[in-house]
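The lines below spell out each chain.
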Amino acid sequence: MSRSGTIALLGRPNAGKSTLVNALLGEKVAIVSATPQTTRHRITGVLTEARGQAVFFDLPGVHRPLHRLNVQMMHALRDTLAEVDVILQLFDASADPGAGEEFVVGLLDGVTAPAVLVANKVDLPGVHARLDERTAFYAARHAYAATTAISALTGERLPELKATIFALLPEGEPWLDPTLTTTQSERFFVTELIREAMLERVKKELPFTSTVHLRQFEEEGSGGLLRIFADIVVDRDSQKGIVVGRAGAMIKEIGSAARARIEALLGVRVYLDLRVKARPGWREDGGFLSELDQVEASWTDAGGDPNGP
Ligand SMILES: Nc1nc2c(ncn2[C@@H]2O[C@H](COP(=O)(O)OP(=O)(O)OP(=O)(O)O)[C@@H](O)[C@H]2O)c(=O)[nH]1
Ligand SMILES: [Mg+2]
């Protein structure tokens with residue numbers, strides 16, 4: 001008997017949701033960083049096995065929205081919770097829960113899908129001694145279908161978690177192509193890999209106030225050169241210098257790291273023209289946000305070709 005369905009990843013920023021989805025799939029579909037709010041859009045990860053198909057929706061970490069961008073992120077998150085078959089609620093077991101975690105649990109009010117409580121980062125020192133107490137905080141607030149403690153980083157107890165997930169999915173045949181691991185477009189991955197290369201190198205407030213805008217994406221012949229023109233968009237003129245770096249050293253470094261990753265992912269030679277632009281108030285600019293969303297739309301939404309740009 002085959003089981004198939006959808007699973008949402010719920011939790012605070014930095015809990016390890018994207019790391020877990022990548023680990024469950026054994027392939028990188030979502031970028032990961034030590035900076036909170038790395039994930040900004042719903043990322044689909046598809047796991048197909050003999051026992052069925054699990055379609056994971058990696059979501060942005062739950063946070064208080066201060067900008068239109070973040071309001072949109074939180075709306076999309078609530079919509080996803082209402083439509084999935086199973087919810088994985090992940091928390092960082094190395095930290096004490098507080099008001100933020102209370103808010104996360106509150107999102108499950110009125111949601112009918114079974115939720116699995118997942119304590120993550122048990123590889124960190126001192127976690128085991130506090131695990132029961134921290135787990136009890138959540139268990140007192142919601143009736144979870146199951147509870148487990150894992151390390152997304154080391155893979156500890158992931159096979160058991162997979163079994164728990166499949167057991168909770170409804171009976172049914174796979175509905176997505178079993179050879180897929182994601183439904184995101186190449187264009188989306190390109191912008192994400194550029195953003196990841198930047199997040200690794202620029203710290204402080206910039207991660208929250210910047211984005212990547214793909215201006216042009218054109219392939220010359222099959223297997224030929226892929227030409228990408230993209231902007232790293234910051235919120236203020238004064239932030240441009242941080243991304244550009246001394247004599248352009250930083251933007252050059254971000255560009256070559258991103259280019260190497262894009263080449264490895266797509267298996268083509270890449271020419272990357274990367275610039276830095278200031279666009280004050282972009283996080284409130286509905287027109288610009290929907291332009292960004294067009295890149296991010298997955299083919300399942302658009303009804304297009306999974307491999308098509
Ligand atoms: N030690 C340890 N670190 C982990 C584990 N899982 C994730 N991390 C680290 O935690 C940080 C955040 O991981 P992400 O997967 O980006 O977290 P996220 O929940 O997707 O974060 P947002 O996208 O911002 O909501 C990264 O530095 C990861 O390497 C784990 O099991 N153990
Ligand atoms: Mg993430």
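Residues numbered from 1 in each chain as written. Chains lettered and ligands numbered in written order. Predicted model: local features only at pLDDT ≥ 70, side-chain atom pairs only at ≥ 80, totals over all residues. Heavy atoms only, no water.

(A) How the structure looks around the coordination of the magnesium ion (ligand 2). The protein atoms donating to the magnesium ion (ligand 2) are Ser18 (OG) and Thr39 (OG1), with metal-donor distances spanning 2.0 to 2.1 Å. With Ser18 in helix H1 (residues 17–25) and Thr39 in the loop between H1 and strand S2 (43–49), this pair connects stretches of sequence that are 21 residues apart. The exposure classification of Ser18 matches that of Thr39, with both residues buried. (Donors = N, O, S within 2.8 Å, 3.2 Å for Na, K, Ca; no water. Helix = DSSP H or I, 4+ residues; strand = E, 2+ residues; numbered from the N terminus. Buried < 20%, exposed > 50% of the residue type's maximum accessible area, 1.4 Å probe, protein only.)

(B) Examining the site of ligand 1 more closely. Taken together, the neighbourhood of ligand 1 is formed by 23 residues, with Lys17, Thr19, Gln37, Thr39 and Asp123 sitting nearest. A distance of 2.8 Å is found between an oxygen atom of ligand 1 and a side-chain nitrogen or oxygen belonging to Thr39. At a separation of 3.2 Å, an oxygen atom of ligand 1 approaches a polar side-chain atom of Ser151. Burial of ligand 1 by the surrounding chains reaches 90%, relative to a free accessible area of 650 Å². The biggest single contributor to the shell around ligand 1 is H1, with three residues. Partitioned by chemical class, the residues of the shell around ligand 1 number eight nonpolar, 11 polar and four charged. (Near = heavy atom within 4 Å. Polar contact = N/O pair within 3.5 Å; in protein donor to acceptor, adjacent residues only side chain to side chain. Areas by Shrake-Rupley, 256 points an atom, 1.4 Å probe, with all protein chains shown as cover. Nonpolar A, V, L, I, M, F, W, Y, C, P; charged D, E, K, R; others polar.)

(C) A look at the domain arrangement of the protein chain. Segmenting the protein chain into domains produces domain 1 (3–168) and domain 2 (186–302). Measuring from the centre of the C-alpha atoms in domain 1 to the corresponding centre in domain 2 gives 27 Å. With 17 residues of domain 1 at the interface, the matching set in domain 2 holds 17 residues. Regarding the contact of domain 1 and domain 2, the summed buried area is about 1700 Å², with carbon and sulfur atoms giving 54% of it. By the criterion of area lost to domain 2, the three top residues of domain 1 are Ile31, Arg40 and Arg68, representing 34% of everything that side buries. When the shortest N-O distance is used, the salt bridge between Glu196 and Lys28 registers 2.8 Å. There are eight residue pairs in polar contact (both at pLDDT 80 or more) connecting domain 1 and domain 2. If you tally residues by element for the side of domain 1 that touches domain 2, the top one is helix H2 (residues 68–83), at three residues. (Domains from an automatic or database assignment. Contact = heavy atoms within 4.5 Å. Buried area = accessible area lost by both parts, 1.4 Å probe. Salt bridge = Lys/Arg side-chain N within 4 Å of Asp/Glu carboxyl O.)

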